[in-house]
Amino acid sequence: MAQIYFSKFNINSEIYAIYKDDKLKEKILDDILEKIDTETIIEESVEDKGNKGIEEIQESEENEDKIYRYKFCNLEKNYDNRTVTGRLVKIFKGEVQSYDEEKDTINIEEKDDCASSCTFHFDLKREQIAFITRRDFGYKQFNKYFKELVETYFENISFEIFLENNIDDLKEKIYSFSKLLSVEIVIIPPNASTNDFDTLFGTSKKDVEESNATKYTQRLDVSTKSPNGINARTNFFDRMFFGIAKGYGQITAKGKNNFNQLMTVTSDEDAPYKRPILDVEKDSIIAFKEKANDYIIELVSQKMELKLDENKPNQGAEE
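Draft legend 1. Representation of the packing of helix 6 (residues 194–201) against helix 8 (residues 235–245) in the model. With their axes 8 Å apart at the nearest point, helix 6 and helix 8 run at an angle of 145 degrees to one another. The residues of helix 8 that touch helix 6, namely those facing Asp196, Thr199 and Leu200, are Arg239, Met240, Phe242 and Gly243. Taken together, the residues that form the contact of helix 6 with helix 8 break down as three nonpolar, two polar and two charged.

See the structure below:
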């Protein structure tokens, strides 16, 4: 059984203009639907390992001199429903092995057009992307190159794509630290409405908007010698969890577990929101579109039910 991952697609650079004119968001999304194509290609060498995640570093170590090309293919657009289904493909030079039964040996052939692809369904109306991953094509690469490809269609507009998280699993893992030592949170202004913006930034909302900042990064630390760790059961963290659950950010937490061992929890690696799909359906455009559409409706419905009790008193580090 394969797994479908989900990402929230966010317009980032024009967000404050969108707050003043919601029609601008619709225009940008319509432009994406119109412009997304199978001709645009971006290239990247993997020899530079700086600032890469684990999956990118592993790929670099195996293929240090390779050039990868990324593009969309097999696109099917539905203008009435404002959706695009297709594949994001990675093309590279590599080895293809085949078994020769007569000679009982392996034939190895160099190919310039090896490929690995992720089937996806992009619901622009709900601003959600459902997709599968491969062993050599993980969620980080998918989000990175999906974003970069879409940005090529615009001169002055940028986007942010965050992996959707299972917020209950994420909270449970962060609350499980016996001592929370550091937390780094990245949040962007919500695309949904100014109500979510007000909820996220509270009394700082005016200052954030006046700054014109389109990404908010907060880091909290305590000394390892401190008797108390960071308290994650506070109104501040409730707001940040609310933003992450809505698809507007991510979190990395480090600390010690009950065995006094150092551990790290990240929202993407440790609490992704996933849903199952049969192996025979994951590469079928028609089957994937139907399954992904149902899951996206389910996910968006869950997110609409999210509420934040801002009057809840802070709790201690332990219940």
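Draft legend 2. Seen up close, helix 4 (residues 139–151). With 13 residues, helix 4 should reach 18 Å at 1.5 Å per residue; the first-to-last C-alpha distance of 18 Å fits that figure. Buried within helix 4 are the following residues: Tyr139, Gln141, Phe142, Asn143, Tyr145, Phe146, Leu149, Val150 and Glu151.

Draft legend 3. Layout of helix 6. Of all the residues in helix 6, the buried ones are Asp196, Phe197, Thr199, Leu200 and Phe201. Structurally, helix 6 contributes buried residues whose contacts are with helix 1 (15–20), strand 8 (179–187), helix 7 (205–211), strand 9 (216–221) and helix 8. Glycine 202 lies just past helix 6 and shows a positive phi near 55 degrees.

Draft legend 4. Representation of the nonpolar core in the model. Counting residues in hydrophobic clusters, the biggest one holds 37 residues, and the most contacted among them are Ile32, Phe120 and Phe146. Of all the elements in the fold, those that place two or more residues in this core are strand 1 (2–11), helix 2 (22–35), strand 3 (67–78), strand 4 (83–100), strand 5 (105–123), strand 6 (128–131), helix 4 and strand 7 (159–163). Within the second largest apolar cluster, 30 residues are counted, among which are Ile167, Phe177, Val183 and Met240.

Draft legend 5. Geometry of the sheet that holds strand 10 (residues 249–256). Reading across from one edge, 9-8-10-11 is the order of the four strands in this open sheet, with antiparallel pairing throughout. Two strands close off the open sheet at either side, each with one partner strand: strand 9 and strand 11 (262–266). Each adjacent strand pair in this sheet contributes to an overall mean axis angle of 10 degrees, direction not counted. Sheet analysis places strand 8 next to strand 10, joined by eight bridges and oriented antiparallel.

Draft legend 6. A look at the environment of tyrosine 5. Tracing the sequence through the fold places tyrosine 5 in strand 1. Considered as a pair, tyrosine 5 and threonine 152 are 147 residues apart in the sequence and their alpha carbons are 24 Å apart. Excluding residues within four positions of it along the chain, tyrosine 5 makes contact with Ile129, Ala130, Phe131, Thr133, Leu163, Pro272, Tyr273 and Lys274.

Draft legend 7. Fine view of the pattern of salt bridges. The full count for this structure, using the stated rule, is 22 salt bridges. Here glutamate 76 makes a salt bridge to lysine 289, at a shortest N to O gap of 3.7 Å. Note that glutamate 76 is positioned in strand 3 and lysine 289 in helix 10 (residues 285–304), a separation of 213 residues in sequence. Residue glutamate 76 is classed as partly exposed on the basis of its relative accessible area of 36%.

Draft legend 8. Structural context of unusual backbone geometry. The backbone of asparagine 74 sits at a positive phi, close to 55 degrees, despite the residue not being glycine. Note on placement: asparagine 74 falls in strand 3. In the Ramachandran plot, asparagine 260 falls in the positive-phi region, its phi being about 65 degrees despite a non-glycine side chain. By secondary structure assignment, the location of asparagine 260 is in the loop between strand 10 and strand 11. Relative accessible area serves as the criterion here: at 54%, asparagine 260 is assigned to the exposed category.

Thresholds, definitions, all that
- Residues numbered from 1 in each chain as written.
- Predicted model: local features only at pLDDT ≥ 70, side-chain atom pairs only at ≥ 80, totals over all residues.
- Heavy atoms only, no water.
- Axes fitted to C-alpha atoms, helices over the stretch in contact; angles between N-to-C directions.
- Helix = DSSP H or I, 4+ residues; strand = E, 2+ residues; numbered from the N terminus.
- Contact = heavy atoms within 4.5 Å.
- Nonpolar A, V, L, I, M, F, W, Y, C, P; charged D, E, K, R; others polar.
- Expected span 1.5 Å × (residues − 1).
- Buried < 20%, exposed > 50% of the residue type's maximum accessible area, 1.4 Å probe, protein only.
- Core = buried A, V, L, I, M, F, W, Y, C linked by side-chain atoms within 4.5 Å.
- Pairing = 2+ DSSP bridges.
- Salt bridge = Lys/Arg side-chain N within 4 Å of Asp/Glu carboxyl O.

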